[in-house]
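# Fold and geometry: a report
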Amino acid sequence: MAPPKTPSRHRSRSETKTPLTASMFGVNATADASNPFIVPSRQSSPIKRTTASSSFQVNQNLQRQASCGLIRKGGVESRLEVVTRDYIPPKPEKRSRSQPSVSLRAKTPDTRDRFITTRDPADEVAATLDLMCLNPQSASPGHTARLAAATGVPLNRRILAYHEPPPAASSDPLMAQARELVRPLYARAGPAPSGSTGSTGKDRKISTFPHKILDAPGMLDDFYLNLISWSSQNVVAIALGNSAYIWKADTGEVVLVAEGPEGSYIASLDFSNDGQFLGVGYPSGAVELWDVETQSKLRTMSGHSAQIGCLSWHGHILSSGCQDGSIWHHDVRIARHKVMELLGHQGEVCGLRWRPDGELLASGGNDNVLNIWDGRVGDVGTASGSARSAARWTKRNHTAAVKAVAWCPWQPALLASGGGTSDATVHIWNTTTGARLHSLVTPAQISSIQWSPHRKEFLTTHGYPTNAIMVHSYPSMEKVAEIRDAHDSRVLFSALAPNGELIATAAGDENLKFWKIWEAPKVKKGKDAKDSTTLGRTHSGILSIR
């Protein structure tokens, strides 16, 4: 049912046409008691009564208010935001079907960078300085005080400020000497102090082809033997079966030096420091001394009960490592040659090396132990001899036989040791403090280590599975070069030339190969220096050039 309509005679229209306002009843309208929706109306506003009359004059003030959107109602003014312009869409641009559409943005090229925002440098600097200020204007004093207390920085002190320079280094000569001694231990990889002009780096090229190859028939394939040595006279000695040969690099001449008992073999050999004598070890425990120039045996020093797998010279002392774990010092000048015995291994001694100055002796064994001994020799059976027979340092970091031991020529305190198949790790030791300085894991068993006298580098030879020769820098321990499959069999033995350039390697494939790994420093002009690296031709079936 539709609501009742108000009679037209009681409706009055407002000339001002105020929106969203209820209609006003006429003055003479009376309330209908039967209709709850009709209430008695109040008297109309005198303004509207006046407006309704046609005699009211519209002045300029009212016109201005009407044009500005001002409406007076009960003495309160309100301004309405009136939009006077309607949106007029742009006219579509006529184009042909073949012409591509061009956006409005393309008409005005944009010079802004899509990755770098466009900011005012002055505003950025001001904002940065405002953030750096400990007491900005926008921060409250309480917050600034709490921030300073939390950070421990006083408000009146700069965070970054200039201070007095550090104190100068001590002028104590002992401290200066100590610093000079340990400087090479922490130096960067580069040329050695000997004067090499090249820098150690991966860009250096090393030939992967041998400089020369010699046949070595009868070479034993035994990891625990030491069958090659290179003397200071530029003579290479090699054991083939029960015979020891020398090959003179200057002339290429091959000479049979020593010959053992029939049915036996040579287990180790080593040149004396001056290159005049050759020590030879046998499985029976005997150690023979041979004159290189006359190829005659001078004496036989017996006493060991098992195989002599390694020998090392220092002056008139010839040290021998036995299969029973003992190390003897032989004085070749006297009849009672045994002057000291070192007991520190539970397995076969397969690596033995004197430090060049004779202060220390390093030994490695099949019991995975590296021992560093005092080089001073005492009388056998005396109190001093018994005290010195104990190792100064005993290292058990290797997990396989320690055959490879080598002393650094330009830093006497450095010692390198390498482990066998299950270890394949090189450790660098500081023999003064006993600390391990560096470690390097390699892909195969390590049979020998050679330090370069001209560069801060060292070389390692490896067995299965790589049969490789690797060159590493020190102290970064980075690989400089690698010669894979240097031999058809595992590389068991190596020797360094007296000039420090060539490396001789031997393996079970019955080959003796020479590799040019390093460059010796150039000799100054005006000095005649004979090239000791000349490898001449041989005239014998043994050690013949291939």
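Residues numbered from 1 in each chain as written. Predicted model: local features only at pLDDT ≥ 70, side-chain atom pairs only at ≥ 80, totals over all residues. Heavy atoms only, no water.

This brings us to the environment of Ser326. Considering the arrangement of structural elements, one finds Ser326 in strand β12 (residues 326-331). Taking the C-alpha atoms as reference points, Ser326 and Gly344, separated by 18 residues in sequence, lie 7.2 Å from one another. Residues within four places of Ser326 in sequence aside, it is in contact with His304, Ser320, Gly321, Glu341, Leu342, Leu343 and Val349. Side chain to side chain, Ser326 and Asp324 meet in a polar contact 2.8 Å long. (Helix = DSSP H or I, 4+ residues; strand = E, 2+ residues; numbered from the N terminus. Contact = heavy atoms within 4.5 Å. Polar contact = N/O pair within 3.5 Å; in protein donor to acceptor, adjacent residues only side chain to side chain.)

The next subject is the environment of Thr431. Considering the arrangement of structural elements, one finds Thr431 in the loop between β20 (425-430) and β21 (435-441). According to the relative accessible area criterion, Thr431 is buried, its value standing at 1%. Beyond its immediate sequence surroundings of up to four residues, Thr431 is in contact with Arg355, Leu360, Ile372, Trp393, Trp407, Pro412, Ala413 and Leu415. (Buried < 20%, exposed > 50% of the residue type's maximum accessible area, 1.4 Å probe, protein only.)

Time to look at the pattern of salt bridges. One pass over the structure, following the stated rule, counts eleven salt bridges. With a shortest N-O distance of 3.7 Å, Lys297 and Glu288 are connected by a salt bridge. With relative accessibility at 44%, the residue Lys297 sits in the partly exposed group. Of the residues examined, Glu288 reaches a relative accessible area of 8% and is grouped as buried. Taken together, the salt bridges that share partners define one network made up of Asp374, Arg376 and Arg392. (Salt bridge = Lys/Arg side-chain N within 4 Å of Asp/Glu carboxyl O.)

A separate point is the state of the cysteines. Applying the stated rule across the entire model yields zero disulfides. Unpaired in this structure, Cys322 has its nearest cysteine sulfur neighbour in Cys310, at a distance of 9.3 Å. Classification of Cys322 as buried rests on a relative accessible area of 0%. (Disulfide = S-S within 2.5 Å.)

A few words on the packing of aromatic side chains. Tallied over the entire structure, the rule returns seven aromatic pairs. Centre to centre, the rings of Trp451 and Phe458 are 5.3 Å apart; their planes meet at 50 degrees, and the pair counts as tilted. Assigned by exposure class, Trp451 and Phe458 land together as buried. What links up through ring pairs into an aromatic cluster is the set Trp410, Trp451, Phe458 and Tyr474. (Phe/Tyr/Trp six-rings, centres within 6.5 Å; stacked < 30°, edge-to-face > 60°.)

Bringing unusual backbone geometry into the picture now. Residues Tyr464 and Pro465 are joined by a peptide bond in cis, for which omega reads 5 degrees. On the secondary structure map, Pro465 appears in the loop between β23 (457-462) and β24 (469-473). Cis rather than trans, the peptide bond between Tyr474 and Pro475 has omega equal to 10 degrees. By secondary structure assignment, the location of Pro475 is in the loop between β24 and β25 (479-483). Positive phi, close to 50 degrees, is recorded for Gln295, a residue that is not glycine. Relative to the assigned elements, Gln295 resides in the loop between β8 (287-291) and β9 (296-301). With a relative accessible area of 32%, Gln295 lands in the partly exposed category. Even without being a glycine, Ala424 presents a positive backbone phi close to 50 degrees.

Looking now at the nonpolar core. Of all hydrophobic cores here, the largest spans 42 residues; its most connected members are Met219, Trp230, Ile246, Leu278, Phe493, Leu512 and Phe514. The element best represented in this core is strand β3 (residues 235-240), accounting for six residues. Residues Trp410, Ile428, Ile449 and Met477 belong to the second largest nonpolar core, which totals 15 residues. (Core = buried A, V, L, I, M, F, W, Y, C linked by side-chain atoms within 4.5 Å.)

Next up on the list: the sheet that holds strand β26 (residues 491-496). Two strands in a sheet stick together by hydrogen bonds in their backbones, pointing the same way (parallel) or opposite ways (antiparallel). The strand order across the open sheet built from four strands is β1-β28-β27-β26, with neighbouring strands paired in antiparallel fashion. The sheet terminates laterally at β1 (212-215) and β26, the two strands that pair on one side only. Within this sheet the neighbouring strands show an average axis-to-axis angle of 20 degrees, counted without direction. Across five bridges, strand β27 (residues 502-507) lies against strand β28 (residues 511-516) in antiparallel orientation. Residue pairing for β28: Ile503 is matched across the bridge by Trp515. (Pairing = 2+ DSSP bridges. Axes fitted to C-alpha atoms, helices over the stretch in contact; angles between N-to-C directions.)

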